[in-house]
Amino acid sequence: KLEQSLECLVKPPKLIITDSQIFRTVYDKKPKESKLTSFSVLFANYKGDLKYFVESVYTIGKLTENSRVLIAEACTHAPLEEDIGREKIPSMLRKRISNNLKIDVVSGINFPDDLSLYDLIIHCGGCMFNRKYVLSRVKKARSQNIPMTNYGVVIAYLSNILDKIDL
C-alpha cells in the first residue's frame, strides 16, 4: 500500500525505511526527493561496519561458479518458506553467478573459526546480537582477509540501487 500511503501525505517523506527484500519495488515507486534505506542497512551501520560491508559487496562481481559464500544468521528461527538468508539471497546470487555457487548457512552462535573456505560472508542485520558481538565477527573476517557484507547491502547491490540508497 505504498502508493496509497504516499498519496495521503501533504509532502513526500524525507526518508523511507523499507524491508530490504522489496528495495527495488519501493525505489521504483518512491518520490524522487525521498531518500531510501532499509532496516538491514540501518543495523549494518548500528551494529556492524557499514563501510567494510559496502566495500566487500563488490566481491560479488568477482565470484565464479567455483566460489563459496557463507551466509550467517544471528537468530536460530525455524526457516520459513522464502526465507531471506536461506532461499532469497542464495537464489539471487545463483541467478547472477551460477547455479553451482556453493553457499553454506550458519545460524546463532555457529560461526566458523576458520573462514578461509569462503570468498565472501553475508551477515544478517544482527538484531539478535549486540554491536560487540557483530564486530567480533567482522574482526575475524578482516583478520583472515575475507570480505564480509550484510543482507541489505547485498540486496541493494543485486537490485542495482546500492548507489541510490541512503547509507
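Computed from a prediction, not measured in an experiment: that's the story for all the values here. For every chain, the first residue of the written sequence is number 1, and numbering continues from 1 onward in sequence order. Reporting in this predicted model follows two pLDDT cut-offs: at least 70 for local features of residues, and 80 or more for side-chain atom pairs to be given and counted; totals over whole chains, interfaces and linings ignore these cut-offs and use all residues. Here the side-chain values reflect all heavy atoms present in the structure, with hydrogen atoms and water set aside.

A. Structural detail: the packing of helix α4 (residues 50–57) against helix α7 (residues 151–158). In contact at an axis separation of 10 Å, α4 and α7 are set at 40 degrees when each is read in the N-to-C sense. In the crossing of α4 with α7, the sense of the turn from one axis to the other is right-handed. Contacts between α4 and α7 involve Leu-50, Phe-53, Val-54 and Val-57 from the former and Val-153, Val-154 and Tyr-157 from the latter. Only Asp, Glu, Lys and Arg are considered charged in this grouping, and only Ala, Val, Leu, Ile, Met, Phe, Trp, Tyr, Cys and Pro are considered nonpolar; every other residue, Gly among them, is considered polar. Considering only residue class, the contact of α4 with α7 consists of seven nonpolar, no polar and no charged. Think of each axis as a best-fit line through the C-alpha atoms, taken over the contacting stretch in the case of a helix, with angles from 0 to 180 degrees between the N-to-C directions. A run of H or I in DSSP becomes a helix once it reaches four residues, and a run of E becomes a strand once it reaches two; helices and strands are each numbered from the N terminus. Crossing handedness is defined as follows: a turn of the near helix away from the far one that is anticlockwise and smaller than a right angle gives a left-handed crossing, while the clockwise case is right-handed. Residue contacts are counted whenever heavy atoms from the two residues lie within 4.5 Å of one another.

B. The arrangement of the side chain of Thr-18 in detail. Position of Thr-18 relative to the elements: it lies in strand β1 (residues 15–18). Discounting chain neighbours no more than four positions away, the residues touching Thr-18 are Phe-23, Val-26, Leu-36, Thr-37, Ser-38 and Phe-39.

C. Fine view of the packing of aromatic side chains. For Phe, Tyr and Trp, rings pair up if their centres lie within 6.5 Å, where Trp contributes its six-membered ring, and each pair is then called stacked (planes under 30 degrees apart), edge-to-face (over 60) or tilted (otherwise). This structure, assessed with the given rule, holds three aromatic pairs. Ring plane angle 90 degrees and centroid distance 6.1 Å describe the contact between Phe-43 and Tyr-46, whose orientation is recorded as edge-to-face. Residue Phe-43 and its partner Tyr-46 are both found in helix α3 (residues 39–47); the two are separated by three residues, about one turn of the helix. Relative accessibility thresholds used throughout: buried, under 20% of the residue-type maximum; exposed, over 50%; partly exposed, between the two (1.4 Å probe, protein chains only). The exposed category is assigned to Tyr-46, whose relative accessible area is 58%. Consider the ring centre and the ring normal. A charge sits over the ring if Lys NZ or Arg CZ is within 6 Å of that centre and within 35 degrees of that normal. Above the plane of the ring of Tyr-52 lies Arg-142, whose end atom (NZ or CZ) is 3.9 Å from the centre.

D. Broad picture of the sheet that holds strand β5 (residues 120–123). A pair of strands is labelled paired if DSSP reports no fewer than 2 bridges between them. Spatially, four strands are ordered β4-β3-β5-β6 in an open sheet, and the strand pairing comes out parallel. Bordering the open sheet on either side are β4 (102–107) and β6 (148–150), each of which pairs with just one other strand. Neighbour-to-neighbour, the strand axes of the sheet open up by a mean angle of 25 degrees, direction not taken into account. Bridging between β5 and β6 involves three bridges; their strand directions are parallel.

Honestly, that's just the spatial picture; any functional story needs more than this.
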